[in-house]
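So you can see what is in the structure, the chains are spelled out below.
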Number of protein chains: 2
Amino acid sequence: MTYCVGIAVGEGLLFVSDSRTSAGVDNISSHSKMHRFGVPGERQFIICSAGNLATTQGVISQVERDIRRNTDVHLLNVANVGDAATYLGGLSRAEQKKTEGNGFEASFLIGGEVLDAACRLMLVYPQGNHIVSSDQTPFLQIGELKYGKPILDRVLALNTTLERAALCALVSMDATMRSNLSVGTPIELNLYRRGSLTPGAHVVYTEDSPYLRQLRNSWDEEIMNALTRLPAVNWSGQTQ
Amino acid sequence: MTYCVGIAVGEGLLFVSDSRTSAGVDNISSHSKMHRFGVPGERQFIICSAGNLATTQGVISQVERDIRRNTDVHLLNVANVGDAATYLGGLSRAEQKKTEGNGFEASFLIGGEVLDAACRLMLVYPQGNHIVSSDQTPFLQIGELKYGKPILDRVLALNTTLERAALCALVSMDATMRSNLSVGTPIELNLYRRGSLTPGAHVVYTEDSPYLRQLRNSWDEEIMNALTRLPAVNWSGQTQ
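Figured I'd write up the structure that's included with this text. Predicted model only: the values in this text are computed from it and were never measured. (Residues numbered from 1 in each chain as written. Chains lettered and ligands numbered in written order. Predicted model: local features only at pLDDT ≥ 70, side-chain atom pairs only at ≥ 80, totals over all residues. Heavy atoms only, no water.)

## Side note on the overall build of chain A
Stage number 1. The secondary structure content of chain A amounts to five helices and 12 strands.
Stage number 2. Here chain A has a C-alpha radius of gyration of 19 Å; the compact-globule value for 240 residues is 18 Å, and the two agree.
Stage number 3. Projected onto its principal axes, the C-alpha positions of chain A cover 70 × 45 × 40 Å.
Stage number 4. Buried residues in chain A amount to 55% of all 240 residues.
Stage number 5. Surface exposure of chain A reaches about 10,100 Å², of which carbon and sulfur atoms provide 49%. (Helix = DSSP H or I, 4+ residues; strand = E, 2+ residues; numbered from the N terminus. Rg over C-alpha atoms; globule rule 2.2 N^0.38 Å. Buried < 20%, exposed > 50% of the residue type's maximum accessible area, 1.4 Å probe, protein only. Areas by Shrake-Rupley, 256 points an atom, 1.4 Å probe, with all protein chains shown as cover.)

## What to know about the nonpolar core
Stage number 1. Counting 74 residues, the largest nonpolar core has A:L14, A:L170, A:L189, B:L14, B:L170 and B:L189 as its most contacted members.
Stage number 2. Once you skip the residues sitting within four places of it in the chain, B:L14 turns out to touch A:W235, B:V5, B:G6, B:I7, B:L162, B:A165, B:A166, B:A169, B:L189, B:N190 and B:L191. (Core = buried A, V, L, I, M, F, W, Y, C linked by side-chain atoms within 4.5 Å. Contact = heavy atoms within 4.5 Å.)

## Section: the sheet that holds strand β9 (residues 130-132) of chain A
Residue and element names in this part refer to chain A.
Stage number 1. The five strands are arranged β5-β6-β7-β8-β9 in an open sheet whose pairing can be described as antiparallel. With one partner strand each, in any of the chains shown, β5 (34-39) and β9 form the two edges of the open sheet. Within the sheet, the average angular offset between the axes of one strand and its neighbour, ignoring direction, is 20°.
Stage number 2. Packed on one face of the sheet, helix α1 (residues 53-69) meets β5, β6 (43-51) and β7 (106-114) and runs near 10° to β5. (Pairing = 2+ DSSP bridges. Axes fitted to C-alpha atoms, helices over the stretch in contact; angles between N-to-C directions.)

## A short note on the sheet that holds strand β11 (residues 187-193) of chain B
All names here are of chain B.
Stage number 1. Here five strands make up an open sheet; going across it, the order is β10-β1-β2-β11-β12 and the pairing antiparallel. Each having just a single partner strand, β10 (139-143) and β12 (201-205) make up the two edges of the open sheet. Taking each pair of neighbouring strands and ignoring which way they run, the sheet shows an average axis angle of 10°.
Stage number 2. Note: β11 against β12, five bridges, orientation antiparallel.

## Some remarks on α1(A)
All names here are of chain A.
Stage number 1. With 17 residues, α1 should reach 24 Å at 1.5 Å per residue; the first-to-last C-alpha distance of 24 Å fits that figure.
Stage number 2. Residues of α1 that are buried include every one of T55, T56, G58, V59, I60, Q62, V63 and D66, and no others.
Stage number 3. On its buried side, α1 packs onto β5, β6, α2 (81-97) and β7.
Stage number 4. Looking at where α1 begins, the residue whose side-chain oxygen comes 3.1 Å from the main-chain nitrogen of A54 is N52.
Stage number 5. The positive-phi residue at the C-terminal boundary of α1 is N70, with phi of around 50°. (Expected span 1.5 Å × (residues − 1). Polar contact = N/O pair within 3.5 Å; in protein donor to acceptor, adjacent residues only side chain to side chain.)

## Describing the environment of A:D220
Stage number 1. Looking at the element boundaries, A:D220 is found in helix α5 (residues 210-229).
Stage number 2. Leaving out residues up to four positions away in the same chain, A:D220 has contacts with A:R178 and B:R154.

## Describing empty space enclosed by the protein
Stage number 1. Taken as a whole and assessed by the stated rule, the structure comprises four cavities of 30 Å³ or more.
Stage number 2. By volume, the largest cavity amounts to about 230 Å³.
Stage number 3. Surrounding the largest cavity, 18 residues form its lining, A:P150, A:I151, A:W219, B:P150 and B:I151 being those nearest its centre.
Stage number 4. Every element with two or more residues in the lining of the largest cavity is listed here: α3 (149-155), α4 (162-179) and α5 of chain A together with α3 (149-155), α4 (162-179) and α5 (210-228) of chain B.
Stage number 5. A per-class count over the lining of the largest cavity returns 14 nonpolar, two polar and two charged. (1 Å grid on protein atoms, 1.4 Å probe; cavity = no way out; pocket = protein on both sides within 12 Å on 5 of 7 lines; lining within 4 Å. Points joined across faces, edges and corners; volume = space filled by probe spheres on them. Nonpolar A, V, L, I, M, F, W, Y, C, P; charged D, E, K, R; others polar.)

Honestly, it's all geometry; don't read function into it.
In structure tokens, the structure reads:
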């Protein structure tokens, strides 16, 4: 499996992705699931992928090939993020159709900004269509999403800072990694500041990352302490 | 869907269950999923159920009927929790076989204690077999389990107090309710103290419960504050 989160707040975009791929517990390896494309000053895109690895790799290769060959439509000439999502959905459908049978689905998060167009975050479904994040729910997830959803639901709002969104996304990823073996390091984090049109800050945390360990230990301690401050259960009434 | 957690720590057992049943979003109602049986001073059992409502209600009715008719094997004459789980699994299989087709599966948590036998927590699968909780993972879940698992993974250990286990279970339930509409109030909580052999403390929280609202608000605030105390993301290095 995979776990990727995209967050779209007022300040910009934040992405986190894991790198574990598996075809069963005895066939595990690591592949980056975060890809960046852009022209400084003109456009920036971040893409995260989940699903069948052959499909997602085929799609990303085609994205790169189309840019090299300067086809009619590619990421470096589309007018906005919506058009980019439509293009990506088309590539994904075409790639899936190359193979007979089921189980070759893939999902993508795509976020970014094009000069004179809006900064947006979208989710491309295996069927090729897409949705956009909303002001009320300023995040989208792909892959193994349930473990890490509650922290996002509690914390994120449109006015959340990118720094806080990054911490929230890392805690969400840590919760998922701990509860599900099919999600694992390296973890990639990318922060794109709205209007910058330059590649955002990008960092990779490997399994032995001191920062990731420190974050997990700190969060465990915070959760333990928070529980001690909750209002005690009142057992006296049958209904209260 | 449903969400139930059973926790087995040194001090005893803790159960939490929701009450929402649904056959689609336009057919929602409330049924208790927690059932208690016992003879004070001799034995106590707590059962939580998930899955097809006709199956779970059929099984619980049969449990009550067997007690009334004093059949060869029933909850008030089995020697221990393991035998009770085997009996429950048999009833579940029999109930499922009454109906043709698929989708009539049910899962159960059963915990309790019989005089001169161990205090135990078990999960009965739809197939009728069962597993027991371990000292390393002192909890079992049925139903919509992923949203609420991370907090249990972070907090619970064999030496966790029942009071803390109760708070942890309520936070786990709150996370699940918030992220998944198919899990909802009333919430039931039951605390059984090992060796007591008397019915444990039991409380029901309805949708407008001030305590439940207070708990959610406190937890949200704690999480927000905890995030501000985490070590800041270090963006300087490519790999750290």
